[in-house]
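# Chain and residue survey
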Amino acid sequence: QSTWGLLHFNLPRAHMLRAGRAAVTSAVVRALGTAQRASVCRLFSGASEHAVDLAHTLNAAPTKTGLEPLVIAHGLLGNKTNWSSISRALAEQLGRDIYTIDLRNHGSSPRTSAMNFALMAADVARFCDHVASASGSAPHVVGHSLGGKVMMELALSGQRSVSSAVIVDISPRRYDVSNSDVGSVIRLVHGLDVSVYKTRQEVDAQLRKKVPNDTLRRFLLANVGRDDQRDVFFWRSNVDAIVANLDAIFGFDAEAQRVFAGPSLFIRGSRSSYVRDAELPRLRELFPALELVTLEGGHWIHAEATADFVATLRKWLSGKP
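Owing to the predicted nature of the structure, the values given are computational and were not obtained by experimental measurement. (Residues numbered from 1 in each chain as written. Predicted model: local features only at pLDDT ≥ 70, side-chain atom pairs only at ≥ 80, totals over all residues. Heavy atoms only, no water.)

Check the secondary structure of the chain and you find 13 helices and ten strands. The long-range fraction of contacts in the chain, counting pairs at least 24 apart against all pairs at least 6 apart in sequence, stands at 80%. Carbon and sulfur atoms form 52% of the exposed surface of the chain, whose accessible area is close to 13600 Å². (Helix = DSSP H or I, 4+ residues; strand = E, 2+ residues; numbered from the N terminus. Contact = heavy atoms within 4.5 Å. Areas by Shrake-Rupley, 256 points an atom, 1.4 Å probe, with all protein chains shown as cover.)

Here it is as structure tokens:
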């Protein structure tokens, strides 16, 4: 790929959500009371024994409408704050609670050595089950790039903890890391110990030696956090784990006979090559209720064409609970 692929823009932090552990269908969630839900959660708890609790931010709807919430996942090396402004706009315009999450090994979520789509989908399923228990309805899920692959895995897994899936500029296929700029960027991040620098300007100066592109360098700088107690900089993502699991991250098991029959929306950028026309027949086999929208822009279509992106989501969700 010629662009920065699964990467996405990264920023600060937020609080933790202690998620429930059940893989409970939305129908069961709606039917059961709080005490009964707790019993069912314990019954199904083995399904997510390797799941971790995901950090999240909630942008609540201005008024309670009873509409199903949204859960949004970022791309590789990103975090929940990539979607801060969009999630606020969605909460106001859709009248829904909007949750943005940090995937494992990103942002404020736990760091683990294991990182594959089955585990990441289990993490999100656990989170969605908690949201469903709190709201009384299964959420809609939105994922960009790496987050989109996670949401596809979740939907195709048959756990039925989602009402619909919105996938942003990514396909359920393997991407070639050896021919991608992403691999070299990750190796650069992996090899740069930012803790030895005292100021952000010093980090920028080091990055400038290898990364002359201002946009990419700003993205990388946004992935640098600061521990004020220890007075050191650090990478917000667990780059060691990402490097160790690159093969899994760039792959996807799209050959298994799995289908998500629920509503699904794929949004792609007109100048992006991540969702190709040749892939649409296979996409429709996996997601038979698929709707495809192409917006003017590249891989980060939600950031490049925010107004159109929000309007597309608003229109698509308008007829849904």
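Another point: the packing of helix 4 (residues 117-135) against helix 5 (residues 146-156). The interhelical angle for the contact between helix 4 and helix 5, taken along N-to-C directions, is 75°, at an axis separation of 8 Å. Here helix 5 runs roughly perpendicular to helix 4, going by the angle between their axes. Contact residues: Phe-117, Ala-118, Met-120, Ala-121, Val-124, Ala-125 and Cys-128 in helix 4; Leu-146, Lys-149, Val-150, Met-151, Glu-153 and Leu-154 in helix 5. In terms of residue class, the contact of helix 4 with helix 5 is built from eleven nonpolar, no polar and two charged. (Axes fitted to C-alpha atoms, helices over the stretch in contact; angles between N-to-C directions. Parallel < 35°, antiparallel > 145°, perpendicular 65-115°, else oblique. Nonpolar A, V, L, I, M, F, W, Y, C, P; charged D, E, K, R; others polar.)

This next bit is on the packing of aromatic side chains. For the structure on display, the rule yields six aromatic pairs. Seen from their ring centres, Tyr-99 and Phe-127 are 5.7 Å apart, and the 80° between their planes marks the pair as edge-to-face. Of this pair, Tyr-99 sits in strand 4 (residues 98-101) while Phe-127 sits in helix 4, and the two are 28 residues apart along the sequence. Taking relative accessible area as the criterion, Tyr-99 reaches 11% and is therefore assigned buried. (Phe/Tyr/Trp six-rings, centres within 6.5 Å; stacked < 30°, edge-to-face > 60°. Buried < 20%, exposed > 50% of the residue type's maximum accessible area, 1.4 Å probe, protein only.)

What follows covers the pairing of strand 5 (residues 140-144). Among the five residues that make up strand 5, five are buried, leaving the element largely enclosed by the rest of the structure. A two-sided burial pattern is seen for strand 5, the buried positions comprising His-140, Val-142 and His-144 on one face and Val-141 and Gly-143 on the other. By the bridge criterion, four bridges tie strand 3 (residues 70-73) to strand 5 in an arrangement that is parallel. Looking across to strand 5, one finds that Ile-72 is bridged to Val-142. Sheet analysis places strand 5 next to strand 6 (residues 164-168), joined by five bridges and oriented parallel. Each bridged residue has a counterpart across the sheet, and for Val-142 the counterpart in strand 6 is Val-166. (Pairing = 2+ DSSP bridges.)

Bringing the packing of helix 3 (residues 84-94) against helix 13 (residues 306-317) into the picture now. At a closest axis distance of 11 Å, the pairing of helix 3 and helix 13 adopts a crossing angle of 40°. Here helix 13 runs oblique to helix 3, going by the angle between their axes. Crossing geometry of helix 3 relative to helix 13 is assigned as right-handed. On helix 13, the residues that touch Ile-86, Leu-90, Gln-93 and Leu-94 of helix 3 are Thr-306, Val-310, Leu-313, Arg-314 and Leu-317. Considered class by class, the residues forming the contact of helix 3 with helix 13 number six nonpolar, two polar and one charged. (Left-handed = near helix turned anticlockwise from the far one by under 90°.)

For the rest of this paragraph, the subject is the nonpolar core. What tends to happen in soluble globular proteins is that the nonpolar side chains get buried as a cluster. Within the largest apolar cluster, 63 residues are counted, with the highest numbers of intra-cluster contacts made by Val-71, Ile-101, Val-124, Met-151, Leu-154 and Phe-287. Per element, the largest residue contribution to this core is eight residues, and it comes from helix 4. (Core = buried A, V, L, I, M, F, W, Y, C linked by side-chain atoms within 4.5 Å.)

Time to look at the confidence of the model for the chain. In this model, the chain carries an average pLDDT of 83, and 82% of its residues clear a pLDDT of 70 or more. For the stretch residues 1-49, pLDDT sits under 50, and the model shows 138 contacts to residues farther than four places along the chain or on other chains. (pLDDT = per-residue confidence, 0-100.)

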